[in-house]
Amino acid sequence: MSTSAIQHVKRMRGGAQSHLMRCEDGHYYVVKFRNNPQHERVLANEFLATRLAEQVGLPVPVAEVVDVSIWLVEHTPELTIVLGSNAIQVEAGLQFGSRFVVSPVEGQVFDYLPPEMLDRVRNLETFAGILALDKWTCNADGRQAAFWRKLRERKYSAAFIDQGYCFNAGEWTFPDFPLRGVYPRNEVYGKVSGWGSFEPWLTRIEKLEEDAIWRVAGEIPPAWYGASWDELEALVQRLIERRAIVRELIQAFRTSPRRPFPEWREEA
């Protein structure tokens, strides 16, 4: 299944040079294109990691395949990728879309909240869950979140965005380091008191059925990974094996010089 883009809205910030687009299903999507400056595999990474996060119950945007027509590209001068001093057209065809967490006409989205406002985030505990997922998938980038609220709401919700550097971006390798894939501020982990703070997400990762992982991988358009099923198959097999070491990877972060969990109690 896919949805078709019908209107360009604006260029987004970030290394992948994505664009916000309105689609025929009535939703807005942040669309990453195959010829982005990072790697075509970041589209596969986004789809796979976001869908897996969704399966274990984490708040992530809906991941969708977005069909961008040649006509729309040719009639939208803003649909470009900037490489140095040159601007080239984005590719037409099937691209990755991350549904905008709230419609621009219905609410507000921020990519950062100061520490003194984090008590207004209603699901702050999910930062522990996404940490487990980032360690499992070896996110080579810092964890990014969008904080959103509908108009007239006081509290925000966190949604975890930008999974493109999971699996070490285009490399599809797993060079684990304690400070990779973590949020830049310790305040979001302030209520982590032990292993129980990572539930239910950690156990769901450890017990996620192999067939569920394979099903998600099978939905990725082959063009996003060079039609090399053998390499995608090897990636999935590594993911299946890595379910058993997620606690070990979290522990390495816990005992790192950053000391992210000041309230940790061994008996918790």
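Above this note sits the structure.
Participant: Could you clarify how one ought to interpret the overall build of the protein in this entry?
Facilitator: Looking only at helices and strands, the protein features seven helices and 10 strands. Compactness check: the protein gives a C-alpha radius of gyration of 19 Å against a globular reference of 18 Å for 268 residues, within 12% of the reference. For the protein, the C-alpha atoms occupy an extent of roughly 60 × 50 × 35 Å along the three principal directions. Counting across all 268 residues of the protein, residues that qualify as buried make up 50%. If you take every contact in the protein between residues at least 6 apart in sequence, the share linking residues at least 24 apart comes to 71%. Averaged over its 32 positive side-chain charges, the protein has a centre that lies 7 Å from the centre of its 36 negative ones.

Participant: Which parts of the structure should I look at to understand helix α6 (residues 229–242)?
Facilitator: One turn of an α-helix holds 3.6 residues; hence residues three or four places apart share an orientation. Along its 14 residues, α6 runs 20 Å from first to last C-alpha, staying within 8% of the 20 Å computed at 1.5 Å per residue. Among the residues making up α6, those that are buried are L232, L235, V236, L239, I240 and R242. Across the axial projection of α6, the buried residues extend over an arc of 165°, all falling on one side. Each element contacted by the buried residues of α6 is listed here: α1 (41–55), α3 (126–137), α5 (210–218) and α7 (246–254).

Participant: Explain the sheet that holds strand β7 (residues 93–99) here, please?
Facilitator: Sheets are built from strands paired through backbone hydrogen bonds, the pairs being either parallel or antiparallel. Around the barrel, five strands lie side by side as β1-β2-β3-β7-β4; this closed barrel has mixed pairing. Each strand of the sheet is rotated relative to its neighbour by a mean of 55°, with strand direction disregarded. In this sheet, strand β3 (residues 28–32) lies alongside strand β2 (residues 19–23) in antiparallel orientation, the contact comprising four bridges. In the strand pairing of β3, M21 is matched with Y29. Helix-sheet contacts for α1 involve β3, β4 (63–68) and β7, and the interaxial angle to β4 is about 145°.

Participant: Is there a simple way to think about the packing of α3 against α7 in this case?
Facilitator: Between two packed helices, both the angle of their axes relative to each other and the distance between the axes serve to describe the pair. Running from amino to carboxyl end, α3 crosses α7 at an angle of 110°, the nearest separation of the two axes being 9 Å. Considering the angle they form, α3 stands roughly perpendicular to α7. On α7, the residues that touch L131, A132, K135 and W136 of α3 are V246, L249, I250 and F253. Class assignment for the residues of the contact of α3 with α7 results in seven nonpolar, no polar and one charged.

Participant: Help me out: how do you make sense of the pairing of strand β6 (residues 86–89) in this one?
Facilitator: Within a regular strand, the side chains alternate between the two sheet faces. Two strands pair when backbone bridges link them, and strand β5 (residues 80–83) and β6 are joined in this way by four bridges, in the antiparallel orientation. Residue pairing for β6: V82 is matched across the bridge by A87.

Calculation notes
- Residues numbered from 1 in each chain as written.
- Predicted model: local features only at pLDDT ≥ 70, side-chain atom pairs only at ≥ 80, totals over all residues.
- Heavy atoms only, no water.
- Helix = DSSP H or I, 4+ residues; strand = E, 2+ residues; numbered from the N terminus.
- Rg over C-alpha atoms; globule rule 2.2 N^0.38 Å.
- Buried < 20%, exposed > 50% of the residue type's maximum accessible area, 1.4 Å probe, protein only.
- Contact = heavy atoms within 4.5 Å.
- Lys, Arg positive; Asp, Glu negative; His and termini not counted.
- Charge placed at Lys NZ, Arg CZ, Asp CG, Glu CD.
- Expected span 1.5 Å × (residues − 1).
- Arc of directions from axis to C-beta.
- Pairing = 2+ DSSP bridges.
- Axes fitted to C-alpha atoms, helices over the stretch in contact; angles between N-to-C directions.
- Parallel < 35°, antiparallel > 145°, perpendicular 65-115°, else oblique.
- Nonpolar A, V, L, I, M, F, W, Y, C, P; charged D, E, K, R; others polar.

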